[in-house]
Amino acid sequence: MIERVSPVRRAREAGSSIRPRLGVVKFASCDGCQLTLLDLEDEFLALTERFEIVEFAEATTNRSDGPYDVLLVEGSISTPEQAEEIVRLRRQTPLLVTIGACATAGGIQALRNWGDETDFRAAVYAHPEYIESLAFATPISDHVAVDAELRGCPIDPGQLVELLTSLIVGRRPQLPDESVCLECKRRNAVCVAVAGGFACLGPVTRTGCGALCPAYGRGCYGCFGPREQANARGLARHLQVVEGRAPADVGRLFAGFTAYSEPFRSMVTELGGVAAPGVAPGGGPARESHDA
Amino acid sequence: MHDTLIPAGLDAVFDVPMVTRVEGEGSLRLRVRNGVVEEARLAIFEAPRYFEKLVVGRTPDEVIDIVARICGICPIAYQMSAVHAFEDLFGVEIDPEVRRLRRLLYCGEWIESHALHVYLLHLPDFLGYPSAVELARDHRPAVEQALLLKRTGNRLVKLLGGRPIHPISVRVGGFSRVPRRSELEALRPELEAAVAQARATLDLVTTLPVPEYEREPRLVSLRHPTEYPFNDGRIVSNDGIDLRPSDWREAFHEEHHEGSNALHARTADGGVYLLGPAARVALAGEQLHSLAAEALRATGLVAHIRRNPYWSIAARAIELIGATAEALDIVDGYRPPAAPAVPWTPRPGVAAWATEAPRGLLFHRYEVDERGRIAAAQIVPPTSQNQGAIEADLVSFAPHVLDLPHDQATIRLEQLIRSYDPCISCATHFLDLSIERR
Amino acid sequence: MVSAPVATVDPTEPIGFLPRPELDRLIEALQADGRRVIGPTIADGAVVYDEIASQADLPAGWRADQAPGRYRLEHRGGVRLFDYVVGPTAWKRFTFPPRVPITVGHRDGGAVTFTAAERPATPLAFLGVRGCELAALGIQDTVLMAGPAVDSDYAAQRAEVLIVAVECVTAASTCFCTSMGTGPEVRSGFDLALTELDDGFIVRVGSPAGADLATRLSLAPVEPERRAEATAAVAATRRSIGDPVDTDGLPARLLANLDNPHWAEVAERCLACANCTLVCPTCFCTSVGQRSDLDGQESVAERAWDSCFTAGFARVAGGNFRPRTQDRYRQWLTHKFATWWDQFGSSGCVGCGRCITWCPVGIDVRAELYAIAGSRSGARAAAIAIQPPPTPTPVGPPVDPATMPHPPALATAPAVAAAPKAPTSPVRACIARVVSTRPESPDTTTLVLTDVDPAIVAGLPGQFVMAALPAFSAAPISISRYRPDGIELTIRAAGPATAAITQLGRGDQLQLRGPMGRGWPVEAAYGHDVAIVTGGIGLAPLRPLIDAILAERERFGDVRLYYGARTWHDQLYGDELDTWAGRPDLEVALTVDRAGPEWFGRVGIVTHLFDRATWDGSNTVAYVCGPERMMQATVETLGDRWVAQDRIWVTLERHMECGVGLCGHCQMGRYFVCRDGPVFNVAALEGIFGREGI
């Protein structure tokens, strides 16, 4: 985790005119988490005064291979080149922060980890031999040690600012690891599961989005990933036994943007949440469930 | 057009590392033989994520959530193409107010995307800065204006969709929640200011030094009888194509080229074509919002926008005026619909539709099985459709820069590429420039 | 405003009948008094308390079908307004809001300021408060206003609330107010009370404010048939609920079952999602977060609802006191139904049933109470649909304390030899200034502070302060010495907040709040031998005790100090240790876990310093401070030396945020460690000290 005095703070104190070097790099992802940084509105220019952005391909032609005081990493590792590059990047920084579900959990593309990657490739590309990619899409932490992570798909701008602020100030970043339900109740959102019959992953998902989906009348689909000690099995059992949902439908609920993180991963595997090529997920007939 | 010829006999390789200030990762290699540019190859090395496979077995509402993740800048475009495809197949009639809200949502995305591109990605090229951060040191008001416009677009999307990136409320049949009138009205002052900011943007870009380079590309976009195209319209070109939005495959197809992770789209006869703001302004300009149409007329740039890719920056500014003005109109006329969404049942068959992402026409096609699940999918992003035209333009433009120092050549070529606002994560499918001279 | 009924007003006696259309007159009168009227409204598929403009905003004809994990609103038609029973929101949303700013901190170089955030109270009227909810308001009044520390903003807001109660004439299947003694009848605690009939409301007055309102309404006389109808309806409601929870001796029965295997079974179902605690109208646990600018110069401390179910609720730098879901479920249930009595003199549960309805997996607390604590009568409570676990685990019969060989007397606080010294003055806040700093070990620093509030300087050995810098969380730090002009704090940099404090230099400022907690009872050792056993930084809170003993040395017998540290470099107060060791009237024995080249003394754990000593502990009073395992081992070893448990004092560490017993984090069994401790007599901790997961 982040050291007591963050390297960022140390870099600042070393000379007040020296700004810590910030890098933003991307692997297999949609760019949404980097865009969250560009979308910071009021804080963006203020942040550029406190950090020297030395590498951020989407925003600047200034490039740097390192070293960095802080490196934000978006995206999952999906090719052999990426697997090598992340190892090189790890050596370039004392503080590697993964941002977003692709980097922290493998992302939606990690669903292919349940299938055969060659089938995937052939299904999409007419000449699959032209594409060099790994059989798995994996989170950064499967390859190198990670110092901090921002969850979400995309990450929450408030949490991004909190992380960067904590680096400047030297305090522990306030990224609570609790269920979405706490935030729902604080903001007076009516529980879509209890009152609406929606399947909702909120109780087992980490907060951070502000309880967005329930506030907008639909169930949480877990894009911030499982929270600490998430009892996914208990929720899955309730959805099947009490609410009568088909196992495959419950499996698909967990087969989302953070499917590859435990305990969601085990639920997907056990309940059959991912379709094999040409085969319906879980096999057998499944109930219509428009609210899944 | 410069008539600078490369010295005869010059063979060279140009290698420029990843093109920056585009969305995603790609490289360009130019091959020059005997002073003639033979080939420009765009190699997308953005890692593939196989979305068309990931949606197999999922329900339509799950597909809407998933395809947003194809792109962080234009997630709504993906959600719109998908949701309209399903509603077309299932015979769902959405409430007219819901339809207006969808246009409003698209306005928000266009505002955010165009403001991002014009100011943060493209403008630095014209004024000689490596990024908007350095640009801000000398032109802070301009960058602040950009951030305000972007914020307005994001706030619109956030109100309707829950959050600006990967919205959560789009559902088959409508939305999971619709805003209260008071919530939309609260955005009114900001939208009014945004119209003025959009106008100021157009004023700014018309003063920029724009490289001279012209050609007559084949242009493709949606066109609708009464509205500037977002979610609906026929697929048209400037050479006779005219199709229902679900019939894209009748005139176009995809090919896979070696060295690229992206599929290239071509017309039936193997030709390249261009989508995006310039195409829309050229083909659907008559349906521009009156404020935008008037502003366009005043610039006198109609022909230039069609012929010179660098002038796409003005096309985006025009569309900014249109989107902000239309957003204001929609807000003023809004009455909440009777229900946020209408009920629907799936039908088996082919669901296909095209909508206009900020970068151009985006086509989705899904085969739906008897249980209402996806059996196969085809998603054709605008950038993969533009790739062929971009490469062709690079081939014809490159001679003008080969005699420049490598750095400057790179800048000019990257500036050209940025004119198309490529969204490489979408195409998977930008830019390492390498020029092979042999 | 709730106040005691005036002698002429009988809250149980109807004073009139309010025809249905006249309800708007009541609402208007409240509005004319400048109050925002909060009442039930329909939103997003539930009945939610929100501001109303007139009775047209009320949920006419709506009812809610409730079951464990299920809530469905139904429109039955008709005119009745209050048949919906309870919804997910509790009135505490308005009296104890989910997020409030509490202080604004500002830092400029080394100078800091803290100012209380402005939170003016809003005059409100609550329309539709049920018996269970009235009881809940009363319970929160006790928790937040009747203790040694008072939540003054809560008190101010509470005083601005006028309550119009309604008696329940229907019940949901999840209600059990009857068992908890809170309803359905409404007898007191309100300004006005309404009982709804088809054509209007029977009105009762409960306070002068209510009486005043009643004079502004056109009330008809109450006819006997109407009165009988109302009484019958409430009685029928009571019958329909029955008595689902046997509360007779429930606290003792629950606390006798702390090791019941059923806790593990519940934990398989429980998602620890915290919904139950956040819909509960009496839960009061909160956490404080910092919202600061990018540089940490301006920071607002914000207090937000939290829950004992969150994994980090009982976490401290060295570990987590309730790491498992079953620990936390047990904490919740035993707090709500048992230790709440010790703390606040009532049950914490009012039987509103919200936790049953709004649990996403439908855990029914009535069934769990029966499964764990059984029932006195032996008969199973009537008609509860208990959801069977899918893989039933064999559960032994619940333990009835009456059958246990030595039933612990746990429902009342046990007598102790001498109660720990109570704090002598209320808690004060001040901005202290660093005079000098002294590194004690690689990660521990002593700050010498001045500009300290006299109340803190007059504190007792063993008390602590909450030390805060803007943009950082506050840290509980024991006072390690009292000086004529200030205090000393010895701080280990265990995390970013404490690290920031250890990095302060001469002239820098920080906020102190204190003195907090109960200190070491020095007088308990007059005329006795003294043993002080400590490890690591544990010597810091004991140093003022040593100072106090040495100041009156003649009043004590033999005084022995046993101090263990990880290595010689981790010993605190090296020079003082030498001075103390040099005194003939003080026996000092030191040990380290790991010797280095400079260490020539004992090596081993601190208990080895006296486990084979020859002194007789039967006249010894012991003071112990260190890691919890070390303290447990020490208590045992002291016992072997015949030191009685009620003569051993320990100081405990728990997660603390407020320091005054209001945030709930530091609870251990029935105690708030910040307020009832941190110094405790070991005999008073029987059954808790050393128990896992408490």
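Up top is the structure these notes are about.
In this text, all values refer to a predicted model and were calculated from it rather than measured experimentally.

Points about the overall build of chain C
Then, in step 1: Secondary structure summary: chain C contains 19 helices and 30 strands in total.
Then, in step 2: The globule rule puts the C-alpha radius of gyration for 694 residues at 26 Å, and the 29 Å found for chain C is close to it.
Then, in step 3: Oriented by its inertia axes, the alpha-carbon framework of chain C measures out at about 90 × 60 × 45 Å.
Then, in step 4: Looking at the 694 residues of chain C, the share that counts as buried comes to 53%.
Then, in step 5: Sequence-distant contacts in chain C: of pairs separated by 6 or more residues, those separated by 24 or more amount to 73%.

With respect to the nonpolar core
Then, in step 1: Judged by nonpolar contacts, the single largest core of 432 residues is most densely connected at Val67(B) and Ala467(C).
Then, in step 2: When neighbours within four sequence positions are excluded, Ala467(C) is seen to be in contact with Ala474(C), Ala475(C), Ile477(C), Leu489(C), Ile501(C), Leu510(C) and Leu512(C).

Concerning helix H4 (residues 96-127) of chain B
Residues and elements named next belong to chain B.
Then, in step 1: The end-to-end C-alpha distance of H4 is 44 Å, a good match for the 46 Å that 32 residues give at a rise of 1.5 Å each.
Then, in step 2: At histidine 117, H4 shows its strongest bend, of approximately 35°.
Then, in step 3: Counting buried residues in H4 gives 26 out of 32 residues, a clear majority hidden from the surface.

Re the interface of chain A and chain C
Then, in step 1: Residue-level contacts link 38 residues of chain A with 50 residues of chain C.
Then, in step 2: At the level of elements, helix H3 (42-50), helix H7 (157-169), helix H8 (180-186), helix H9 (192-196) and helix H11 (232-242) of chain A are the ones that each hand at least two residues to the side of chain A that touches chain C.
Then, in step 3: Counting residues per element, the side of chain A that touches chain C draws most heavily on H11(A), which supplies six residues.
Then, in step 4: Of the residues assigned to the side of chain A that touches chain C, the class counts are 16 nonpolar, eleven polar and eleven charged.

Section: unusual backbone geometry
Then, in step 1: That bond from Glu262(A) to Pro263(A) is cis: its omega, 0°, falls within 30 degrees of zero.
Then, in step 2: In this fold, Pro263(A) is placed in the loop between helix H12 (247-254) and helix H13 (264-271).
Then, in step 3: In the segment running from Gly183(C) into Pro184(C), the intervening peptide bond is cis, with an omega of -5°.
Then, in step 4: By secondary structure assignment, the location of Pro184(C) is in the loop between helix H5 (177-180) and strand E10 (192-197).
Then, in step 5: Phi at His166(B) takes a positive value of approximately 60°, unusual for a residue other than glycine.

Observations concerning the sheet that holds strand E4 (residues 96-99) of chain A
Residues and elements named next belong to chain A.
Then, in step 1: In spatial order, the strands read E2-E1-E3-E4-E5; together these five strands make up an open sheet with parallel pairing. Only two strands of the sheet have a single partner each, and these edge strands are strand E2 (52-56) and strand E5 (148-150). Strand after strand, the sheet turns through a mean of 20° between neighbouring axes, direction not considered.
Then, in step 2: Two elements, E4 and E5, share three bridges in a ladder whose sense is parallel.

Analysis parameters
Sequence order as written defines the numbering, with residues in each chain counted from 1. Numbering of ligands from 1 and lettering of chains from A proceed in the order in which they are written. Confidence filtering applies because this is a predicted model: local features only for residues at pLDDT of at least 70, side-chain atom pairs given and counted only at 80 or more, and all residues used for totals across whole chains, interfaces and linings. A helix here means a DSSP run of H or I that spans at least four residues, while a strand means a run of E at least two residues long, and both kinds are numbered starting from the N terminus. Radius of gyration: over C-alpha atoms. The globule rule applied is 2.2 Å multiplied by the number of residues raised to the 0.38 power. Working definition of burial: number of other C-beta atoms within 10 Å of the residue's own, with buried at 20 or more, exposed at 12 or fewer, and partly exposed in between, all C-beta atoms being placed from the backbone. Residues are treated as contacting if the C-beta atoms built from their backbones sit within 7 Å of each other. Core membership is restricted to buried Ala, Val, Leu, Ile, Met, Phe, Trp, Tyr and Cys residues, and these are joined into a nonpolar core through C-beta atoms within 7 Å. By this rule, a helix spans an expected 1.5 Å times one less than how many residues it contains. To obtain the bend at a residue, axes are fitted to the seven residues ending there and to the seven starting there, and the angle between these axes is taken. Residues are grouped as follows: Ala, Val, Leu, Ile, Met, Phe, Trp, Tyr, Cys and Pro are nonpolar; Asp, Glu, Lys and Arg are charged; every other residue, Gly included, is polar. In this analysis, strands are considered paired if DSSP registers two or more bridges between them. Simply put, an axis is a line fit to the C-alpha atoms, just over the touching stretch for a helix, and the angle between two N-to-C directions goes from 0 to 180 degrees.

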